[in-house]
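Secondary and tertiary structure notes
Here is how the chains run, residue by residue.
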Amino acid sequence: MDDQAQESFREFVANRSSALLKTAVLLSGGDRHAGEDLLQNALIKAVGRWHRIDEPEAYVRQILYRQQISRWRLKRRGRELSVAQPPEAGTDGGAVSADAELRLLMRGALARLTARQRTMLVLRYFEDLPEAEVARILGCSVGTVRSTTHRSLARLRALAPELRSLGRSEAGRRPSGDHSPVEVRS
C-alpha cells in the first residue's frame, strides 16, 4: 500500500469509524466488544483491497453484514448475553431518564432476538434500507425480508410490551430523530 492510499484509509477510519461501530454494535446485539471485533475484522478485510474500492463505507458495511450472517450461522444456540443494570434516574428530569430507559429496553429486547431477526431489523429500520436492498445484502428474497421483519417486530413487541404504548402515550410529541437503541461512545 502506497503512502497516499495509507493516508486515505486512515482518514476514512478516523471519520467514519464511530458510525460504523454503532452499526456493528447493533448487529452484534448490543455487545460493544463483539461490535468492535466485527468492525476491526471488516476494516482488516477492506485495507487489503483499499486501492480497488470505489465506495469505502458501502464496502465496509457490506463486509459487516456478511460477517454477521456468517456468525449467526455458526453460533451455537442457547448462549446468553449479560447486560448491566440500568443507571439510576438523573436529577435533570424524566425525559433524559425515559430516553435512557428506552435505549436500554430496546437494547435488551434486540439482544434476545436471533441474530437473523436482529440483522433484519437493523438493516430495515436503523440503516433505513429498502426491502430489496436488504434482500440483496443478505442473499434472500424480498418476501423473506418481509416475513422475517414482520415476525421479528412481533417478537420484539412480545419481549418488550412497554414499546407498544410508546407512540400512544406521547401523541403530541414528535420523535427526536435519534432512533438508535444503543449509545456508543469512542
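Residues numbered from 1 in each chain as written. Predicted model: local features only at pLDDT ≥ 70, side-chain atom pairs only at ≥ 80, totals over all residues. Heavy atoms only, no water.

1. Things to note about the side chain of Q67
Among the structural elements, Q67 can be located in helix α3 (residues 56-74). Given the relative accessible area of 10%, Q67 is considered buried. Setting aside residues up to four positions removed in sequence, Q67 forms contacts with L38, N41, A42 and K45. (Helix = DSSP H or I, 4+ residues; strand = E, 2+ residues; numbered from the N terminus. Buried < 20%, exposed > 50% of the residue type's maximum accessible area, 1.4 Å probe, protein only. Contact = heavy atoms within 4.5 Å.)

2. Considerations on the packing of helix α5 (residues 115-126) against helix α7 (residues 142-159)
Running from N to C, α5 and α7 point in directions that differ by 105 degrees, and their axes come no closer than 9 Å. Relative to α7, α5 is oriented roughly perpendicular. Between α5 and α7, the residues in contact are R116, Q117, M120, L121, R124 and Y125 and T144, V145, T148, T149, S152, L153, R155 and L156, respectively. Taken together, the residues that form the contact of α5 with α7 break down as six nonpolar, five polar and three charged. (Axes fitted to C-alpha atoms, helices over the stretch in contact; angles between N-to-C directions. Parallel < 35°, antiparallel > 145°, perpendicular 65-115°, else oblique. Nonpolar A, V, L, I, M, F, W, Y, C, P; charged D, E, K, R; others polar.)

3. So, the pattern of salt bridges
Under the criterion given, the structure shown has six salt bridges. One salt bridge in this structure joins R61 and E57, with 2.9 Å as the shortest N-O distance. One end of the pair, R61, and the other, E57, are both in helix α3, four residues apart, so they sit about a helical turn from each other. When the shortest N-O distance is used, the salt bridge between E133 and R136 registers 2.6 Å. Linking E133 with R136, this pair stays in helix α6 (residues 131-138), spanning three residues, or about one helical turn. For R136, a relative accessible area of 47% gives the class partly exposed. When salt bridges that share partners are traced, they join R16, E57, R61 and E127 into one network. (Salt bridge = Lys/Arg side-chain N within 4 Å of Asp/Glu carboxyl O.)

4. Digging into the packing of helix α1 (residues 3-27) against helix α2 (residues 32-47)
The interhelical angle for the contact between α1 and α2, taken along N-to-C directions, is 140 degrees, at an axis separation of 8 Å. Considering their axes alone, α1 and α2 lie oblique with respect to each other. In terms of crossing hand, the pair formed by α1 and α2 is right-handed. Mapping the contact onto sequence places F9, F12, V13, S17, L20, L21, A24, V25 and L27 in α1 and R32, G35, E36, L38, L39, L43 and V47 in α2. In the contact of α1 with α2, the residues fall into 12 nonpolar, two polar and two charged. (Left-handed = near helix turned anticlockwise from the far one by under 90°.)

5. Here's the deal with the nonpolar core
Residues L39, V60, L64, L123, V134, L138 and L156 are the most contacted members of the largest nonpolar core, which totals 39 residues. Every element with two or more residues in this core is listed here: α1, α2, α3, α4 (94-112), α5, α6 and α7. Considering every element that reaches this core, the biggest residue donor is α1, with nine residues. Non-local contacts of V60, meaning those with residues more than four positions away in its chain, are made with F12, L20, L39, A42, L43 and A46. (Core = buried A, V, L, I, M, F, W, Y, C linked by side-chain atoms within 4.5 Å.)

6. Section: the packing of aromatic side chains
Taken as a whole and judged by the stated rule, the model has two aromatic pairs. Judged by centre distance (5.0 Å) and plane angle (85 degrees), the ring pair of F9 and W50 falls under edge-to-face. Of this pair, F9 sits in helix α1 while W50 sits in the loop between α2 and α3, and the two are 41 residues apart along the sequence. F9 sits in the buried class, given a relative accessible area of 15%. A ring pair is formed by F12 and W50, whose centres lie 5.3 Å apart and whose planes are at 50 degrees; its orientation type is tilted. Remark: W50 occurs in the loop between α2 and α3 and F12 occurs in helix α1; sequence separation between them is 38 residues. An aromatic cluster is defined as three or more aromatic residues linked by ring pairs; in this entry it consists of F9, F12 and W50. Above the plane of the ring of Y125 lies R124, whose end atom (NZ or CZ) is 5.5 Å from the centre. (Phe/Tyr/Trp six-rings, centres within 6.5 Å; stacked < 30°, edge-to-face > 60°. Lys NZ or Arg CZ within 6 Å of the ring centre and 35° of its normal.)

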